[in-house]
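Examining the three-dimensional arrangement
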Amino acid sequence: MGNKQPQLTSILWPYGLGVGAAGSVGFQGVGNGVRRWQKLEGNDLHGNLAEKQHTQQPQVITSYDSQGTQLTVEVHPRDAMPQLLKKFSLAKRLQGDKNGNTRPRQPGGKDAHAYPWDRSSLKSMPLDLRQFEKLDTYASQVTAKSGLDELVSDLLQEAHSDLERVRAIWMWICHHIEYDIAAAQEKDRQAFQPTDILRTQKTNCDGYAGLFERMCRIAGVQCMTVPGYSKGFGYQTGQSFSGEFDHAWNAVFLEGRWHLVDSTWGSGLVDTTTSKFTFLYNEFYFLTHPALFIEDHFPDNKNWQLLKPAQSLRQFENNMYHKSEFYNKGMLSAYPDMSMIRTVNGKATVTIESCAPTLFMFMLNGKQEHGLLSLRKNGMKLELYPPTAGTHKLQIFAKGGSDIYSSVLEYTIVCNYVDTGVRLPAELHQPVGPSWFSEQMGIVKPSHPDPIIHTRDGRCSVSFGVEEGVSVLASLHGDDGPVTEETQRRHIFQLQREKRAELKVQLPRAGKFALKIFVKKRQEPGNYVFVFNYLLCCANAKVNWPMFPESFGNWGQDNELLEPLSGVLPANRNVPFKLKLHGMAKVLVKGQDTWPLTLSPEGYWEGSCSTAGCQEVYVMVLENANHNFYSYILKYKVNAQ
């Protein structure tokens, strides 16, 4: 063939082949599938005239498709021996493009992860974050430099693999670059140069992604910037996406596969009320599992989903959005798995499954009302009763291992019917019913494991075991009528029997009431802590129980009152008394006169008292027979004549 350029007509070469023809041909390919070359007469594949070459030199022809896939062909003279073994390889590093720049390969089938999420890991590759502790500390403390090369060189001092190089760059950006809210809100997104970002240490999402890509390239790691839609700041549940892309993130090539990162969202968050950025590191967006990343990131090219099967834009819009904290705090799934819930007979139910016991709370239209949230060892259950027809916003928060409740889910509740028979007390706080949390706080083996207690006559008795050194306090709350501290306490009478507490409750009227339970460790300072509450329900309109007698500090934990239980005594009557009091020398009842009680063989102090001529009656005790000082332990009121 001599020096004459060959004429090639429509040749199909499958991925990875080398062939010899009239002139020997070897090729190097990056990508997959089949490449088609069109007829070439005298020009190479870029349309440039071929330079004169020495007769013994092979001719190199390189082609790129629109996705950046490279194909290199050598055409050798008939008598030359092609070096196929040297050229037949897939580059593991960056490949040169036609302009001399570097261009990574596009994602393929081996990069794809199964959808939906298999719950195996939050990451797209096995990671032990403890291995990064030293590197993270070092990288986050490296000071900013005027140039990227110097900065990357400093960061890589403690990095010894591509994974560690990417981690060091990620940590530095997340701890030093602030989100520029003003620039992000401009109609025409500003293009940030890396040097400007280093100088101001502020940028928008494009700048974050561009800086990350540039630093990875300097470190010798393949990286791409991926534009797309996001469910980030300003996202409204159920909204549609169209027009210009609103976000950008990165893909990095590690250990033979592409992985996804978002340093913008890894660095912190924007307060929706103040529109101010706060540095708050978020590990979730480093090498996120693609089946989780797709919940709030939809790339312009579906291949960058790294999913099989890939999701459509409509699926992205309609799919339930679990915020990063949902997974950070150990949650696995939520039901319903759609962002809009329609009530059935005025009620909507949400359940969450978690991998460990977790504390939850909710807000309906910004208030913790109109719902019953019960904790489970592996999640929670929430029953909602919207007070009006229409659309309502539901937010669910989780506490996890920290002391802060974070928003994890948002639903839109559509209510077409209001169940007027369900009206929950405003003071009914969360959670309702005993759970793993109440056990953790020292309350065990409750008599009523369910959160709702129905009573026909307006009375009930609730008991539970109490661990050593724990004190219990209870209060009753309803919506009808004035709620005073006396009302909250005096319709509950607390008894202590060995290691078990009993709460006798007498409701003042029909309706729904919150019975709140508080605890405190006796040896620790501070106030009582709310643990849970019961919902007490009574439909009997005839119920009108008076308050219990008022008890004072000397009323011992092991004391027991059998009668009279009503705190209001009838006038001009002889009223019987029966109590079990431990360690007392004398007990008497004082009205207009003083009436001593007698200790029976069964251990009860018994007797009677006349209410004639008095407005109040007291039970008094003498602890030491050698003293004459009596203490008040109970107080009754007497009805007016």
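Residues numbered from 1 in each chain as written. Predicted model: local features only at pLDDT ≥ 70, side-chain atom pairs only at ≥ 80, totals over all residues. Heavy atoms only, no water.

For the protein, an unreviewed UniProt entry supplies the name Kyphoscoliosis peptidase and the organism Carlito syrichta. According to the UniProt record, the Sequence similarities (unreviewed entry) comment for the protein reads "Belongs to the transglutaminase-like superfamily." (UniProt positions renumbered as here; feature names shortened; annotations may be inferred.)

Quick look at the pattern of salt bridges
Using the criterion set out here, one finds 20 salt bridges in the structure. One salt bridge connects E213 with R217, and the closest N-O pair in it is separated by 3.2 Å. Placement of the pair is E213 and R217 together in helix α7 (residues 205-218), with a separation of four residues, close to one helical turn. For E213, a relative accessible area of 18% translates into the label buried. Under the relative-accessibility criterion, R217 is labelled partly exposed at 23%. Within this structure, K123, D136, R167 and E283 form a network of salt bridges that share partners. (Salt bridge = Lys/Arg side-chain N within 4 Å of Asp/Glu carboxyl O. Helix = DSSP H or I, 4+ residues; strand = E, 2+ residues; numbered from the N terminus. Buried < 20%, exposed > 50% of the residue type's maximum accessible area, 1.4 Å probe, protein only.)

Section: the sheet that holds strand β30 (residues 470-478)
Backbone hydrogen bonds hold the strands of a sheet together, and the pairing may be parallel or antiparallel. A sheet is described by the order of its strands in space; here four strands give the open sequence β28-β34-β33-β30, paired in mixed fashion. With partners counted over all chains shown, the strands left at the sheet margins are β28 (452-454) and β30, one partner each. On average, each strand axis in the sheet is tilted by 25 degrees relative to the strand beside it, whichever way the strands run. Alignment of β28 against strand β34 (residues 529-538), held across three bridges, turns out to be parallel. Its bridge partner being in β34, H454 is matched across the sheet by C537. (Pairing = 2+ DSSP bridges. Axes fitted to C-alpha atoms, helices over the stretch in contact; angles between N-to-C directions.)

Remarks on the packing of helix α2 (residues 133-141) against helix α4 (residues 162-176)
Between α2 and α4, the least distance of the axes is 8 Å, while the angle of their chain directions is 45 degrees. The pairing of α2 with α4 is recorded here as oblique in orientation. For α2 against α4, the interelement crossing comes out right-handed. Listed contacts from α4 to L135, D136, A139, S140 and Q141 of α2 are E164, R167, A168, M171, W172, H175 and H176. For the contact of α2 with α4, the per-class residue count stands at five nonpolar, four polar and three charged. (Parallel < 35°, antiparallel > 145°, perpendicular 65-115°, else oblique. Left-handed = near helix turned anticlockwise from the far one by under 90°. Contact = heavy atoms within 4.5 Å. Nonpolar A, V, L, I, M, F, W, Y, C, P; charged D, E, K, R; others polar.)

Focus on the nonpolar core
Looking at soluble globular proteins, one finds that nonpolar side chains tend to be buried together. Core analysis: the biggest nonpolar cluster contains 118 residues, and F212, M215, L394, I396, Y411, L515 and L536 have the highest contact counts within it. No other element matches α4, which puts nine residues into this core. Excluding residues that lie within four positions of it along the chain, F212 makes contacts with V166, I169, W170, I173, C223, N250, V252, V261 and S263. Grouped together as the second largest cluster of nonpolar side chains are 25 residues, L495, L561, V617 and V621 included. (Core = buried A, V, L, I, M, F, W, Y, C linked by side-chain atoms within 4.5 Å.)

Digging into the packing of aromatic side chains
This model, assessed by the stated rule, comprises 27 aromatic pairs. Here the aromatic rings of W170 and Y281 are separated by 6.2 Å at their centres, their planes lie at 70 degrees, and the arrangement is edge-to-face. Here W170 is found in helix α4, whereas its partner Y281 is found in the loop between β15 (277-279) and β16 (286-288), with 111 residues between them in sequence. On the basis of relative accessibility, which here comes to 28%, the residue Y281 falls in the partly exposed class. With centroids separated by 5.8 Å and ring planes inclined at 65 degrees, the aromatic side chains of F518 and F530 adopt a geometry described as edge-to-face. Of this pair, F518 sits in strand β33 (residues 511-521) while F530 sits in strand β34, placing them twelve residues apart in sequence. Residue F530 is classed as partly exposed on the basis of its relative accessible area, which comes to 21%. Members of the aromatic cluster, connected to one another through ring pairs, are W117, W249, W265, F284, Y285, F293, F326 and Y327. Cation over ring: R167 sits above F286, and NZ or CZ is 4.7 Å from the ring centre. One Lys or Arg, K578, reaches over the ring of Y604 and ends 4.7 Å from the middle of that ring. (Phe/Tyr/Trp six-rings, centres within 6.5 Å; stacked < 30°, edge-to-face > 60°. Lys NZ or Arg CZ within 6 Å of the ring centre and 35° of its normal.)

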